[in-house]
Every structure is written in structure tokens, then in C-alpha cells.
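Listed below, chain by chain, are the residues.
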Amino acid sequence: MKKIAVLTSGGDAPGMNAAIRATVRYALYKGLDVYGVERGYAGLINGNVNRLNSRSVSDIIHRGGTILKTSRSPEFTEQEGRRAAYEVLSAYGITGLVVIGGDGSFRGARDLSHEYDIKVMGIPGTIDNDLNYTDYTLGFDTAVNTTLWAINSLRDTMGSHDRVSLLEVMGRGCGDIALYAGIAGGAEYVIIPEVPYDIDAVCRDIKSSQKRGKTSNMIILAEGAGNKDEIVAAIKEKTGISVKTTTLGHIQRGGSPTMFDRVLAARMAVKAVDLLCEESESRLIGIRDNQIIAEPIDSALACPKRFNEELYSVAHILSL
Ligand code: F6P
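Residues numbered from 1 in each chain as written. Predicted model: local features only at pLDDT ≥ 70, side-chain atom pairs only at ≥ 80, totals over all residues. Heavy atoms only, no water.

Asks: How would you sum up the environment of Thr-8? Please name residues and give values.
Replies: Mapped onto the secondary structure, Thr-8 falls in strand β1 (residues 3-8). Given a relative accessible area of 0%, Thr-8 falls into the buried group. When the C-alpha atoms of Thr-8 and Glu-194 are compared, they prove to be 28 Å apart, with 186 residues separating the residues in sequence. The contacts of Thr-8, once residues within four sequence positions are left out, are Met-16, Ile-20, Arg-39, Gly-40, Thr-66, Leu-68, Lys-69, Thr-70 and Ile-100. (Helix = DSSP H or I, 4+ residues; strand = E, 2+ residues; numbered from the N terminus. Buried < 20%, exposed > 50% of the residue type's maximum accessible area, 1.4 Å probe, protein only. Contact = heavy atoms within 4.5 Å.)

In C-alpha cells form, the structure reads like this:
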């Protein structure tokens, strides 16, 4: 393998730039030519490909977002789109591709690698932590820390007024941002898609925690778990308590990556480039029990949903 390319795809995540930097610098160290594709698969189809050198990735390790930009590409889900992308890669003589993205991006990577003689290595980059073959995805740790910053601020003001607060966070169908931020932030309730919530139980808990001397309560709601307006309306109706709501939104997608995400980016990028040098079959890179792993794409994507029930019950016990 002599020429490889790197792209970012899907929702951006803090740590993507650190992964681009590590991919480029380690590939150069291994004697490869490296190209950057702008705007994910859409840019690949359009031929937005540029040669990168060590200086192209200077001063980006601490930045959120992605210098290569990103997109979600409906064209790439079609065979025709993937053929156009392959033609661009072959025009440059590129035979290896590093894709930094989430599950949609990896399904595209799988199809491309099945249809053409291109080796693809996937680095999981999404704040959602919703890829089941890996314990952590790039950006998750930073997003949780950003959420914690929001929880800390909310606690100050909610505590001063003896209020109940609901903070809605992202995560699509995965409750990990809510669960980890809830535990680390000392929230009273974590509502996540993995465990259907019982509004009567939430109301009872709020009332009984007030009896136990808690003057303010914090609810963390994962976006995929329920409708915040319906939840606060039900709490008002059943308890008479007004809940103040905050939606963190895209703030949790940006920001300087944490040490954890930067180091994870470096470790995963090194693995991806090493596997490309070995002409390995296409794989998804991950981390399990603090070891960097690389699974064939099909089996990685077929991993059953993982959910840490123990952590969920700890969140509840510690809130009492
Ligand atoms: O997948 C990352 C994510 O931020 C999800 O948590 C969220 O549901 C979605 O992307 C938001 O997407 P968009 O930026 O397109 O609104």
C-alpha cells in the first residue's frame, strides 16, 4: 500500500481533528502518501481530494469539529455513488481509506469495501457512543464533560431556588451521554431509551426526595427516551411542581477534545494505518478493556446492543 486517504463523515465529534492529525503523521512516518477528502463521502464523489503533509495538520489537535469538514451523503448509499467515489480513488491511485465517523458512515465503508478493491479502516467518531463493538467512541468523553459543565451551572442556580430542573442531552437511540453525565453530575434521575420510564414513579421519587430533605432535583433526559414537554407537563399535573427545562443541543458536539479523546484518537489512528500497511481486510477500530481492537466490519456492525445495567442502577442508588 502506497497511497491512502482520510475523511470524516456524519455528525462531527471532538477528537476527529486529533485522529486526522495522527493518521496523517503516522502514515507519513510509515512512508505512505496521504490525501485528505473534504466533506466526507459527498466530497469523495465530487473529487474533493488534496495531498496532505505534516504541516497540513499543524495546530489542530486541540480543536473540536473537523478541518476536513463533514457531511451525510445520501448518494453514497446508492451503488452509483459508490462507483463514482471508487473512480476518484483509483484516479489518484489510492487503495486504502480511513473513515472517521459513526454507524451510517461505517455501513457505507462496508459496502465500498465489498464492492471494490479498497481497504477501509473505520475509526469511530461520534459523541453518541452508540457503536456496540467498542467501549468508547471519539468525542463521547468530551461531550459528557461539556454536559457536566452544564449540569454544574444548573445545580448552582437550581439549588439557590429549590427548583427541579430537566436537562435534555443528545445521543440518538443511546443513553450513554445522559447516563455517564448523570452519574458524574449527581443527577437524581436519568431517563434513557434503554429503560422505559414510568412517570408516576418519577413523580413519587421527586415528592419522597423532597421529604428526605432534598430541596432541588436534576433530571437528565436522553433525547431518544421521551418528549421533554410531555414529561414536564405530566410532572406539573401530578405534583404541582414546575420543572425548568434546558436543551443543551449542539454545544455538546463542539469544544476542545479531552485528554482521553486525544489519546484514543492517536491510538486508533496508529492501528488503522498499521492495518492498511499490512494490507489487512477492512476493519473497524475500537477499544475494549483499554486494548485497541480491530473487528471485521460486518461482525462489528452486527454486535448486539450493549447496555451497562449495573451503571444504571448505581446512578439510581447514589441519587437517594
Ligand atoms: O450523531 C450525533 C448527533 O449529535 C446526535 O446525538 C443527534 O441526534 C444528531 O447528531 C443531530 O444531528 P444534526 O447535527 O444533523 O442536527
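Asks: Kindly report on a nonpolar patch on the surface, identifying the contributing residues and their values.
Replies: A surface patch of nonpolar side chains, amounting to about 350 Å² of accessible area, comprises Ile-317, Leu-318 and Leu-320. As for its position among the elements, Ile-317 is in helix α11 (residues 309-318). Residue classification places Ile-317 among the exposed residues on the basis of a relative accessible area of 51%. (Patch = residues over 30% accessible without salt bridge, like charges linked within 9 Å, V, L, I, M, F, W, Y side chains within 5 Å. Areas by Shrake-Rupley, 256 points an atom, 1.4 Å probe, with all protein chains shown as cover. Salt bridge = Lys/Arg side-chain N within 4 Å of Asp/Glu carboxyl O.)

Asks: Lay out the pattern of salt bridges in plain terms, naming residues and giving numbers.
Replies: Under the defined criterion, the tally for this structure stands at 18 salt bridges. One salt bridge in this structure joins Asp-111 and Arg-110, with 3.2 Å as the shortest N-O distance. The exposure class assigned to Asp-111 is partly exposed, which follows from its relative accessible area of 21%. A salt bridge links Arg-306 to Asp-176, with the nearest nitrogen and oxygen atoms 3.3 Å apart. Remark: Asp-176 occurs in helix α6 (residues 176-185) and Arg-306 occurs in the loop between α10 (297-301) and α11; sequence separation between them is 130 residues. It is possible to trace a salt-bridge network through shared partners that takes in Arg-82, Arg-110, Asp-111 and Glu-115.

Asks: Explain the domain arrangement of the protein chain residue by residue, including any values.
Replies: Taken domain by domain, the protein chain consists of domain 1 (3-139 + 257-301) and domain 2 (140-253). Each of domain 1 and domain 2 was reduced to a C-alpha centroid, and the two centroids are 34 Å apart. Taken together, the contact pairs 18 residues of domain 1 with 14 residues of domain 2. When the two sides are added together, the surface that domain 1 and domain 2 hide from each other amounts to roughly 1300 Å², 50% of it contributed by carbon and sulfur. Area buried by domain 1 at its contact with domain 2 is led by Ile-127, Asp-128 and Asn-129, which between them contribute 41% of it. Here domain 1 is connected to domain 2 by 2 salt bridges. Among the ionic pairs, Arg-253 bridges to Asp-12, the shortest N-O distance being 2.9 Å. Joining domain 1 to domain 2, the criterion identifies 9 residue pairs in polar contact (both at pLDDT 80 or more). (Domains from an automatic or database assignment. Buried area = accessible area lost by both parts, 1.4 Å probe. Polar contact = N/O pair within 3.5 Å; in protein donor to acceptor, adjacent residues only side chain to side chain.)

Asks: For the sheet that holds strand β9 (residues 243-247), give the residues involved together with the corresponding values.
Replies: With parallel pairing, 4 strands are arranged side by side in an open sheet as β7-β8-β6-β9. Only two strands of the sheet have a single partner each, and these edge strands are β7 (189-191) and β9. Averaged over all adjacent pairs, the angle separating strand axes in this sheet is 20 degrees, with direction ignored. For strand β6 (residues 164-169) and strand β8 (residues 217-222), the ladder comprises 6 bridges, and the chain directions are parallel. Along β8, the bridge assignment pairs Leu-167 with Ile-220. Against the sheet, helix α8 (residues 228-239) engages β6, β7, β8 and β9, with an angle of about 170 degrees to β9. (Pairing = 2+ DSSP bridges. Axes fitted to C-alpha atoms, helices over the stretch in contact; angles between N-to-C directions.)

Asks: Account for the pairing of strand β11 (residues 291-296), naming residues and giving values.
Replies: Two faces, one strand: in a regular strand the side chains alternate between the faces of the sheet. Here strand β10 (residues 283-288) runs beside β11; their pairing, made up of 6 bridges, is antiparallel. Its bridge partner being in β11, Gly-286 is matched across the sheet by Ile-293. With antiparallel pairing between neighbouring strands as the criterion, β10 and β11 make up a hairpin whose turn holds 2 residues, including Asp-289 at a positive phi of roughly 50 degrees.

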